[in-house]
Amino acid sequence: MSGETVITVVGNLVDDPELRFTASGVAVAKFRVASTPRVFDRQANEWKDGESLFLTCSVWRQAAENVAESLARGVRVIVQGRLKQRSYEDREGVKRTVYELDVDEVGASLARATAKVVKNPSGGQASPREGSPSQDAWASAKPANGQQQAGGWGQTPPAEQQPAAQGAGGYSDEPPF
């Protein structure tokens, strides 16, 4: 969207995601991410933590349910979304400003962890902005039936896959990606 500030934040979840539902039944999950920069102190010859950034994040619809089921406090995540600024007056009458993230994409960081990505049985989710099915959001949390299914981030959704030309024994000269 034009004029929106889209950012990507890498950090750790401060608490477990909190899943709620609106009066009309739409799922929304809230969670906080702490991102702490590391800087090298040449005088002490060691790495030190910088000032932490705490960001409150909101994710909607099927993605909210996937986040609540898949992520927990302490998990390192990569979150991308639209940065929003909100001002208000607290109980003492002091004007405050907070920054929040309306999440478009979220996933566990695989730098220091592993994950098994399993497709939702519905095959997709409504995009937070357009309300239409999203082809690139087809991989998510474990389906209700508990069965592992093929698919995942970085792979082509089944509807877009083309059969590979295969020789004898099921091998192909085509690169795997």
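Residues numbered from 1 in each chain as written. Predicted model: local features only at pLDDT ≥ 70, side-chain atom pairs only at ≥ 80, totals over all residues. Heavy atoms only, no water.

Caption draft 1: Highlighting the overall build of the protein. Secondary structure assignment for the protein yields 1 helix and 10 strands. Each helix (α) and strand (β) of the protein, taken in turn from the N terminus, gives the series β-β-β-β-β-β-α-β-β-β-β. Here the protein holds 177 residues, and 27% of them are scored as buried. Partitioning the contacts of the protein with sequence separation of at least 6, the portion at a separation of at least 24 is 55%. Total accessible area computed for the protein in this model is approximately 12,500 Å², and 47% of it derives from carbon and sulfur atoms. (Helix = DSSP H or I, 4+ residues; strand = E, 2+ residues; numbered from the N terminus. Buried < 20%, exposed > 50% of the residue type's maximum accessible area, 1.4 Å probe, protein only. Contact = heavy atoms within 4.5 Å. Areas by Shrake-Rupley, 256 points an atom, 1.4 Å probe, with all protein chains shown as cover.)

Caption draft 2: Spotlight on the nonpolar core. Of all hydrophobic cores here, the largest spans 18 residues; its most connected members are Phe 31, Val 33, Cys 57, Val 59, Val 79, Val 103 and Val 106. Broken down by element, this core gets its largest block of residues, 4 residues, from strand E3 (residues 27-35). In contact with Val 79, not counting residues within four places along its chain, are Ile 7, Thr 8, Val 9, Phe 31, Val 33, Cys 57, Leu 101, Val 103, Glu 105 and Val 106. (Core = buried A, V, L, I, M, F, W, Y, C linked by side-chain atoms within 4.5 Å.)

Caption draft 3: A look at the pattern of salt bridges. In this structure the tally under the stated criterion is 10 salt bridges. The partner of Arg 82 in a salt bridge is Asp 104, with the nearest N and O atoms 3.1 Å apart. Remark: Asp 104 occurs in strand E8 (residues 95-108) and Arg 82 occurs in strand E7 (residues 76-89); sequence separation between them is 22 residues. Taking relative accessible area as the criterion, Asp 104 reaches 15% and is therefore assigned buried. (Salt bridge = Lys/Arg side-chain N within 4 Å of Asp/Glu carboxyl O.)

Caption draft 4: Representation of the environment of Ala 29 in the model. Topologically, Ala 29 is positioned in strand E3. Owing to a relative accessible area of 0%, Ala 29 belongs among the buried residues under this scheme. Separated by 74 residues in sequence, Ala 29 and Val 103 place their C-alpha atoms 9.9 Å apart. When near neighbours in sequence (up to four residues on either side) are disregarded, Ala 29 contacts Glu 18, Leu 19, Cys 57, Ser 58, Val 59 and Ala 64.

Caption draft 5: Molecular detail of the confidence of the model for the protein. Confidence in the prediction of the protein, expressed as mean pLDDT, is 77, and 68% of residues score 70 or more. Low pLDDT, under 50, characterises residues 127-170; the stretch is placed with 72 contacts to residues that sit more than four places away or in other chains. (pLDDT = per-residue confidence, 0-100.)

Caption draft 6: Region of the structure containing the packing of aromatic side chains. A full pass over the atoms with the stated rule returns 1 aromatic pair. Where Phe 40 meets Trp 47, the ring centres are 5.3 Å apart and the plane angle is 65°; that geometry is what we call edge-to-face. The partly exposed category is assigned to Phe 40, whose relative accessible area is 38%. Using a relative accessible area of 52% as the deciding quantity, one classes Trp 47 as exposed. (Phe/Tyr/Trp six-rings, centres within 6.5 Å; stacked < 30°, edge-to-face > 60°.)

Caption draft 7: Here's a closer look at the pairing of strand E4 (residues 38-41). Bridge analysis of E4 against strand E5 (residues 46-49) gives 4 bridges, and the strand direction is antiparallel. Within the sheet, the bridge partner assigned to Arg 38 lies in E5 and is Asp 49. Once E4 ends, the chain turns through 4 residues before running back antiparallel as E5, passing Asn 45 with a positive phi of about 55°. (Pairing = 2+ DSSP bridges.)

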